[in-house]
Structures are given as C-alpha cells and as structure tokens.
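The residues making up each chain are set out below.
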Amino acid sequence: MTLSRIATVAVVHFVLTLICVIVGFGEIWGERTALQEVAMGVGEVLVRPGAWLWTRWASHNLPDILEWALVIANSFLWASVIVWGWRARADRVS
C-alpha cells in the first residue's frame with residue numbers, strides 16, 4: 001500500500017515538475033508572464049535536491065538517460081518524504 005502511494009505521488013511530482021519547467025523555462029517571445037514566473041519558481045523548488053547533483057560538467061559529459069534517472073529518483077525522494085509525513089501525521093492524530 002505504501003509503495004503504491006509513493007509511486008503515485010512520485011508520478012504526480014514528476015508530471016508537475018515537467019509542466020513547471022516547460023512553462024517556466026520555455027521559449028519566451030517578449031516579456032515573461034506572471035504564469036511563467038510562478039511556474040519557474042515552483043519548478044526550481046521541485047527539481048531540488050536532484051538538480052544540485054547535476055553539474056555543468058555532467059551536462060556536457062554524461063548521457064541524458066542519467067539525467068532523466070536523476071529526475072525520476074528526485075521525484076521518488078520527494079514522494080517518500082511526503083508519504084512518510086502523511087503517515088507520521090496520521091499516526092499522531094489517531
């Protein structure tokens with residue numbers, strides 16, 4: 001049950017991260033919109049802490065599949081912490 005919750009939250013995190021990155025960091029013709037600013041800010045938070053591990057050197061010298069693996073692992077890290085927090089809160093309330 002817990003693993004399926006973690007997987008579900010990880011998928012939601014991954015999709016939300018991709019949407020925010022695409023909208024926030026996408027092609028800009030003219031001035032940035034408020035939506036792009038918000039998406040960029042949320043996207044910058046959601047890619048952490050995984051983005052701290054991916055350096056400029058890694059971008060130039062390692063295959064893209066490793067970057068995607070890091071993004072997916074980052075989503076599972078977020079999901080694990082969120083589900084753990086939900087369980088800890090539920091245990092405390094009951």
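Residues numbered from 1 in each chain as written. Predicted model: local features only at pLDDT ≥ 70, side-chain atom pairs only at ≥ 80, totals over all residues. Heavy atoms only, no water.

Novice: Would you mind going over the overall build of the protein in detail, with residue names and values included?
Specialist: Helix and strand counts for the protein stand at five helices and zero strands. Traced from its N-terminal end to its C-terminal end, the protein shows the element sequence α-α-α-α-α. Across the 94 residues that make up the protein, the buried fraction comes to 20%. Considering only contacts within the protein whose residues lie at least 6 apart along the sequence, 63% involve residues at least 24 apart. On the protein, roughly 7000 Å² of surface is accessible, and the fraction owed to carbon and sulfur atoms is 71%. (Helix = DSSP H or I, 4+ residues; strand = E, 2+ residues; numbered from the N terminus. Buried < 20%, exposed > 50% of the residue type's maximum accessible area, 1.4 Å probe, protein only. Contact = heavy atoms within 4.5 Å. Areas by Shrake-Rupley, 256 points an atom, 1.4 Å probe, with all protein chains shown as cover.)

Novice: So what's going on with the layout of surface pockets? Residues and values would help.
Specialist: In this structure, the largest pocket encloses a volume near 360 Å³. Every residue lining the largest pocket is counted, 17 residues in all, and those nearest its centre are Val21, Val47, Ala51, Glu67 and Val71. Going through the elements one at a time, helix H1 (2-25), helix H2 (34-46), helix H3 (50-53) and helix H5 (64-93) are the ones with two or more residues in the lining of the largest pocket. Looking at the lining of the largest pocket residue by residue, the classes come out as 11 nonpolar, three polar and three charged. (1 Å grid on protein atoms, 1.4 Å probe; cavity = no way out; pocket = protein on both sides within 12 Å on 5 of 7 lines; lining within 4 Å. Points joined across faces, edges and corners; volume = space filled by probe spheres on them. Nonpolar A, V, L, I, M, F, W, Y, C, P; charged D, E, K, R; others polar.)

Novice: Kindly report on the nonpolar core, identifying the contributing residues and their values.
Specialist: Counting five residues, the largest nonpolar core consists of Ile6, Val9, Ala10, Ala79 and Val83. Sorting the residues of this core by element identifies H1 and H5 as the ones contributing at least two each. A total of three residues in this core trace back to one element, the largest contributor, which is H1. (Core = buried A, V, L, I, M, F, W, Y, C linked by side-chain atoms within 4.5 Å.)

Novice: Explain the side chain of His13 to me, using residue names and the numbers behind them.
Specialist: Position of His13 among the secondary structure elements: in helix H1. Ignoring any residue separated from it by four or fewer positions in sequence, one finds His13 in contact with Leu46, Asn74, Ser75 and Trp78.

Novice: A description of the packing of H1 against H2 should follow, citing residues and the corresponding values.
Specialist: Where H1 contacts H2, the two axes come as close as 7 Å, and the packing angle between them is 135 degrees. One way to sum up the angle between H1 and H2 is to call them oblique. H1 and H2 meet at a crossing whose hand is left-handed. Note on element contacts: H2 touches H1 through Leu35, Gln36, Ala39, Met40, Val42, Gly43, Glu44 and Leu46, opposite His13, Leu16, Thr17, Cys20, Val23, Gly24 and Phe25. Residue composition of the contact of H1 with H2, grouped by class: nine nonpolar, five polar and one charged. (Axes fitted to C-alpha atoms, helices over the stretch in contact; angles between N-to-C directions. Parallel < 35°, antiparallel > 145°, perpendicular 65-115°, else oblique. Left-handed = near helix turned anticlockwise from the far one by under 90°.)

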